[in-house]
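# Architecture at a glance
Spelled out, the chains give:
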Amino acid sequence: MSLQNIAREITIDQTRHLETSIPGPKSTQRHAEREQHVTAGFGVTLPVFVEAADGGIIQDIDGNRLIDFASGIAVTSLGASNKRVAQRVAAQIEKFSHTCFMVTEYDSFTKVCKWLNEHTPGDFDKRTGLFSTGAEAVENAIKIARSATGRPNVLVFDEAYHGRSLLTMAMTAKENPYQLNFGPMPREVVRAASANPLRPVYGGSTPAEITEKSLASVRDTLATHGADTFAAMVIEPIQGEGGFIVPAPGFLTGLREIADEHGIVLVIDEIQAGLGRTGKLYASEWEGVAGDITLSAKALANGVPLSAVTGRAELMNAVHSGGLGGTYAGNPVACEAALAVFEQLDQSVLDNAAKIEQTVREVLEPLLEETNIVAQVRGRGAMLAIELADKGTLEPRPDLARSIALACHAQGVIILTCGTYGNVIRLLPPLIIGEELLRDGLQVLAGAIKDAA
Ligand SMILES: *Cc1c(COP(=O)(O)O)cnc(C)c1O
């Protein structure tokens, strides 16, 4: 029962507490200093400087304790100062911090790959490569798929998010802020419609119809460019930055069939949804679909940078020796952190993700009826979102999402927004957050939504 052990080891008081206004005077001063030294290219959700964090709490330098509904964007699932992670990391860094796996080897790299081969969806022989960031995992999956197929093109979807690097920003759907002024974009990245149940681009009045029409448009898009020019199609099992969109049922299965038909490598980007976030180890398990390649990152090492590409052995081994790698790829400190995550990510943690969903739905779903601005409460496990739009017209209301987030921040609840129109509030609490703290944060959010309505 990991959950109880982890909870027992949390030392930060798990209650919300406001000592000053948010941000407090010390944070405000540090933020002014930051602006003198840090590029203006980095935005910030909440200009609060952190002193310590664990469980569901972030404590700032002004002595405020804020409820963490972000987990550093779905990263610190087991708590931001998880003891087992801290111990393994400390012990490793005492022995050696780095050798570069391409220069001399260490066993933790192999062990992380073995675990991923055994636990990612797909009952076939697998191999794994480790890298540092999510974007790097996506890029390496494309390198592998191109190498294995000898084809150039990559199919991606509306509302997709795959990163900020030169290739992945082109794979990401949202223009501002991810692509704006950063072009040109590679023409090998081709976009198709996703099966968005609330806003289906190609119409359809039932989920089955939406799936059917979306899949038909995917086939059209492939045919336009020649299906046999595509190395890979890349899809998130639940779209993250795009708005926590759970594709209409059957869409992923349909993509699996299309990929098989045309010899296209299906890459499932589980970087945000994977490692227990949705109540299953990998979100594609909900649909019973396995990618030829599955990507892990974010929660993989609970805050130490580590990402992974896991796939069919014949694909992963199609690359020439020396073709993959990186100075920090699968760094030993990060591998130890991942092994500590694997030790603790048991059924009790997955069950808590499911329990989080129950509580969130219990508190927020009544707002669908009680207000005229909540269009949908959606997601799975501890990956849940509320879309704000005018009832009837479905006109997106990013202004309300912004004002609700600001109201939550002022009351000590860290809330993120997302979505193509910026009108979605998303909840990504640590998987180990306690029930009372979760309810306190949700009451603040529900109150802010009612005020906005
Ligand atoms: C965050 C994210 C990425 C990019 O990961 P980085 O570590 O920020 O490069 C890619 N895909 C998905 C689905 C993500 O959520």
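Above this text you will find the structure in question.
The model shown is predicted, which means the values in this text are computed figures rather than measured ones.

## Some remarks on the nonpolar core
Core analysis: the largest hydrophobic core is formed by 70 residues, its most contacted members being Phe342, Leu364 and Leu445. Among the elements that make up this core, the one with the highest residue count is helix 11 (residues 332-344) (nine residues). Counting contributing residues, this core receives three or more from each of domain 1 (3-78 + 347-452) and domain 2 (86-344). Once you skip the residues sitting within four places of it in the chain, Leu445 turns out to touch Leu364, Ile386, Ile404, Cys408, Ile415, Ile425 and Leu427. With 27 residues, the next largest nonpolar core counts Ile144, Val156, Val234 and Leu295 among its residues.

## With respect to the packing of aromatic side chains
Enumeration over the complete set of coordinates arrives at seven aromatic pairs. Their ring planes at 5 degrees and their centres at 3.6 Å tell us that Phe101 and Phe109 sit as a pair that is stacked. For Phe101, a relative accessible area of 23% corresponds to the partly exposed category. Exposure remark for Phe109: the relative accessible area of 8% places this residue in the buried category. What links up through ring pairs into an aromatic cluster is the set Phe96, Phe101, Tyr106 and Phe109. A cation sits over an aromatic face here: Lys280 above Trp286, 4.6 Å from the ring centre.

## Quick word on helix 14 (residues 398-410)
Between its first and last C-alpha atoms helix 14 spans 18 Å; for 13 residues at 1.5 Å apiece the expected length is 18 Å, and the two agree. By the burial criterion, the buried members of helix 14 are Leu400, Ala401, Ile404, Ala405, Cys408 and His409. If you follow the buried residues of helix 14, they end up packed against strand 12 (383-388), strand 13 (413-414), strand 14 (416-418), strand 15 (424-427) and helix 15 (435-452). Once helix 14 ends, the next one or two residues include Gly412, with phi positive near 85 degrees.

## Focus on the sheet that holds strand 10 (residues 307-312)
Note: strands within a sheet are paired through backbone hydrogen bonds, in either parallel or antiparallel orientation. If you walk across this open sheet you meet the seven strands as 4-10-9-8-7-5-6, and the pairing is mixed. Either end of the sheet is taken by a strand with one partner, and the two such strands are strand 4 (126-131) and strand 6 (189-192). In this sheet, neighbouring strand axes are inclined to one another by 20 degrees on average, regardless of whether the strands run parallel or antiparallel. Where strand 5 (residues 153-157) and strand 7 (residues 230-235) come together, three bridges link them in parallel fashion. The residue bridging Val154 from the neighbouring strand is Ala232, located in strand 7.

## What to know about the pairing of strand 1 (residues 50-54)
In this sheet, strand 2 (residues 57-60) lies alongside strand 1 in antiparallel orientation, the contact comprising four bridges. Bridge assignment links Ala53 to a residue of strand 2, and that residue is Ile58. Between the antiparallel neighbours strand 1 and strand 2 lie two residues, among them Gly55 with a positive phi of about 55 degrees.

## Remarks on unusual backbone geometry
Residue Pro177 follows Asn176 across a cis peptide bond; omega there is 15 degrees. Secondary-structure assignment places Pro177 in the loop between helix 7 (166-171) and strand 6. Along the chain, Gly183 connects to Pro184 via a cis peptide bond; the corresponding omega equals 5 degrees. By secondary structure assignment, the location of Pro184 is in the loop between helix 7 and strand 6. Its identity is not glycine, yet Asn181 carries a phi of approximately 70 degrees, on the positive side. Its place among the elements puts Asn181 in the loop between helix 7 and strand 6. Although it is not a glycine, Leu394 sits at a positive phi angle of roughly 65 degrees. On the basis of relative accessibility, which here comes to 26%, the residue Leu394 falls in the partly exposed class.

About the cut-offs
Residues numbered from 1 in each chain as written. Predicted model: local features only at pLDDT ≥ 70, side-chain atom pairs only at ≥ 80, totals over all residues. Heavy atoms only, no water. Core = buried A, V, L, I, M, F, W, Y, C linked by side-chain atoms within 4.5 Å. Buried < 20%, exposed > 50% of the residue type's maximum accessible area, 1.4 Å probe, protein only. Helix = DSSP H or I, 4+ residues; strand = E, 2+ residues; numbered from the N terminus. Domains from an automatic or database assignment. Contact = heavy atoms within 4.5 Å. Phe/Tyr/Trp six-rings, centres within 6.5 Å; stacked < 30°, edge-to-face > 60°. Lys NZ or Arg CZ within 6 Å of the ring centre and 35° of its normal. Expected span 1.5 Å × (residues − 1). Pairing = 2+ DSSP bridges. Axes fitted to C-alpha atoms, helices over the stretch in contact; angles between N-to-C directions.

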